[in-house]
Structures are given as C-alpha cells and as structure tokens.
Amino acid sequence: MAISRKRIFSILVILLLLSGMGWHILKNMEEGPITILDYSYQLEEEKDSLDLSYIFWACACANWLEVTKFPKTENEEIQAENCLFIEAASAQNLLPDSLQNSQQAIRFYGSFYQHPGISRDYEKPTSQKPEAARVFRYDSFKIVLPQTEVLWDSSYVIREDSFQLSFLKKDKQEYLRILKNQNDRLMLSIDGILHQLSIEDINQDHYPDLLIWQIQNSIWADLYLYDTQLGQYHRVEAFEKFPEPKLLKLGYPYFYSYAATGCADINWESVLFKVSDYHCQEFARISADCCDAAGNEQSCIRLISASNRLIRKFHTDSIAAFDDDKRGFTEHIWNTEFQQFSMD
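Undergrad: Any chance you could explain the sheet that holds strand 3 (residues 85-88) here in plain terms?
TA: In any sheet, the strands associate via hydrogen bonds between backbone groups, in a parallel or an antiparallel arrangement. Strand order in the open sheet made by the five strands is 2-1-4-5-3, with mixed pairing throughout. Strands at the two margins of the open sheet, each flanked by one partner only, are strand 2 (64-66) and strand 3. The sheet shows a mean angle of 55° between the axes of neighbouring strands, direction not considered. In this structure, strand 4 (residues 106-112) lies alongside strand 5 (residues 135-143), joined through seven bridges in antiparallel fashion. Bridging across to strand 5, Ile106 finds its partner in Ile143.

Dropping the structure here:
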C-alpha cells in the first residue's frame, strides 16, 4: 500500500522532533560521559588574548576566570557564570599539568567558539557533567608576570653612594626596595600597610638608617641600620617589641619605649634598652599598675631593673607635673636616672 506524501511528511516531522528532543536530553544530562554533542565546533573569526587564572571548584564546571573579573574586596565572591573553559588547538600546545592548577595568571592567544559547550580537554572530577559555558580555543600561551605598581619613590646621595628608595606593590604584596648605585639591591617585604618611613642617621655614621613605622593597637617600628663595612642594611632583632621607641638625649644606642598595658591606659610600661650588634638589650623598666590606687596614697609606679629588682617607687601624682603626662614623666626619668644602670 502506498504511503501518501502527507503521511510521509508527518513521519519526518515526528522524527525531527524526536531527534531534537534526544539532542536536548544528551546535551543537558547532569550525569554521564561528555560526548561529541557537548563540544563546540564553529570558531569566531576574531582573534583575542585573555589573561586567565585557574579556579578550584568543588563541582564539575567551567574552571578558568579572567584576571580582571576576580573579586576586588574580601566580601565579593567569584561568579560562576563568568568562568569559561579553555581548549588547546593542538596537543603540542596543551597546557602542562604543573600550570593547570597553579592559579598563576596565564595569557592565552586564540579565539572563542561561537556557541557555549564543554572543552575537549576538560577532565571531569566527578560523574557530574558540567554545564555548557564559553570555550576559548588557544593557539599559544605564556605566563603573565605580576605587574609592579610604584606607590612612591625617593632618592638621596651620601658621599660617593647614591640610594634609590621605592615603595612598590606587586601581586597584592607591598614592599620597600632600595637600590644602591644601581647595582646592589636590598628588598624589604612589609606585611600590612606602611604608615610612615623615617630616613635618618640614627647611629651617627653619616649614612641613612630606616625606621619603618606600623600603627595597629600600638605604634611600633622596624629598625634597619646601614652597615658601612658591608654596604648593606641589617634589621635590628626584636626592635619592634618596644612600642613608641625614642632615643635618649644621650643618643644612640640608648632608647626607651612606652606601651599601654590595660585599664584604659591607667596601666602602662616603659622600657629602657640599648641596641648592640643588631640586637636589643633591656636594662630597666617603669611599670605602672594604678587601677586600684585612685584616691589612695599607694605608690603604684615602680622602677625595676632587668633582673626584676625594685629600684624606686613613685606616687601616681608624680606624672601630673610633666607635660604630655606619662610620656613626659618617662622621658624625664630615663634621661636623668639612666646612669644607675650598666651601659657597657
């Protein structure tokens, strides 16, 4: 029996619909292998370059993100819809495994496919099939070195030596770089924010030394002294443990500190110390514990030697006679009583 043209047409329509549904089902299966139906085939004509970095996802999904789309603040999150796949144009250009998960910024050169899909190079970490995303097919790649931002710089000349100081930011890390005569380089890495840099001849050798100040719960500094014999800077060990360091009127190497220790700054401590051979040596301290002394005649301020020997007591009213209160008191005591201690 002959089949009418109308019936043939109806059968073809049904077959086309069924094949379309099958394509859709295979294309969007959440489980199972990646097949040729998941790949993209038509490339865009325009060539492009992208700076990308690998994203560690806990699921199967597109895992590369443009560097410019990374969160700018801690409160922001990476948007999955911004991620894409990469695909090598040939096996010779395949990205090495050492760079696949390195989170290193890498510049890829190539073209996007016209339609979303899954990369032919993608290896599923689970049985889950990733959702289709943009696929960038690259012909070549290179590692992108982090850009260096100059926050400020300065220079000075001491005798026959010239110094170039630059405070830089590279890959979110701030650091101080010192170039001497454009040859010798010293790099100082700084955690956090550099609040102030003091350049002064602290040890009176006619060469500049560095005080790198930080302000957190207290004010403290790292001290770098210039070694004229070796021609380089040395960090003074443990100098940062003495908040608000100041030189005695006698001068280097004698310092004293000030630190609030509690009870709304009623309790405080000041330490007399010396810098020797790039180390700090403590000689004595003034310790104030006055929380329970209000209205009493108790002497709560004590001058104590490094061996914890009580040398002298002061009444709380002792600080009232000095400008700048407790700081003025400590400045006076240390500059008049330091002779009691060994300065060898």
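There is more to say after this.
Undergrad: Mind showing me how you'd approach the sheet that holds strand 11 (residues 209-215) here?
TA: The four strands are arranged 10-11-12-13 in an open sheet whose pairing can be described as antiparallel. What marks the edges here is a single partner per strand, and that holds for strand 10 (196-200) and strand 13 (232-235). Within the sheet, the average angular offset between the axes of one strand and its neighbour, ignoring direction, is 25°. Where strand 10 lies against strand 11, five bridges are found, and the strand directions are antiparallel. Looking at strand 11, one finds that Glu200 is bridged to Asp209.

Undergrad: What should I look at first to understand the pairing of strand 20 (residues 310-314) in this one?
TA: Side-chain positions along a regular strand alternate between the two faces of the sheet. Where strand 19 (residues 301-305) meets strand 20, four bridges bridge the pair, whose relative direction is antiparallel. In the sheet register, Arg302 faces strand 20, and the bridge partner there is Lys313. Between strand 19 and the antiparallel strand that follows it, strand 20, lie four residues; Asn308 among them carries a positive phi value of about 70°.

Rules used in this analysis
Chains are numbered independently. Their residues run from 1 in the order of the written sequence. A pLDDT threshold of at least 70 governs which residues receive local features in this predicted model, and a stricter bar of 80 or more applies before side-chain atom pairs are shown or counted, although totals over entire chains, interfaces and linings include all residues. To get the side-chain values, take all heavy atoms of the structure and skip hydrogens and water. Pairing between two strands requires that DSSP report at least two bridges joining them. Think of it this way: any DSSP run of H or I at least four residues long counts as a helix, any run of E at least two long counts as a strand, and we number them from the N terminus. Only the contacting stretch of a helix is used when fitting its axis, a line to C-alpha atoms as for every element, and angles between N-to-C directions run 0 to 180 degrees.

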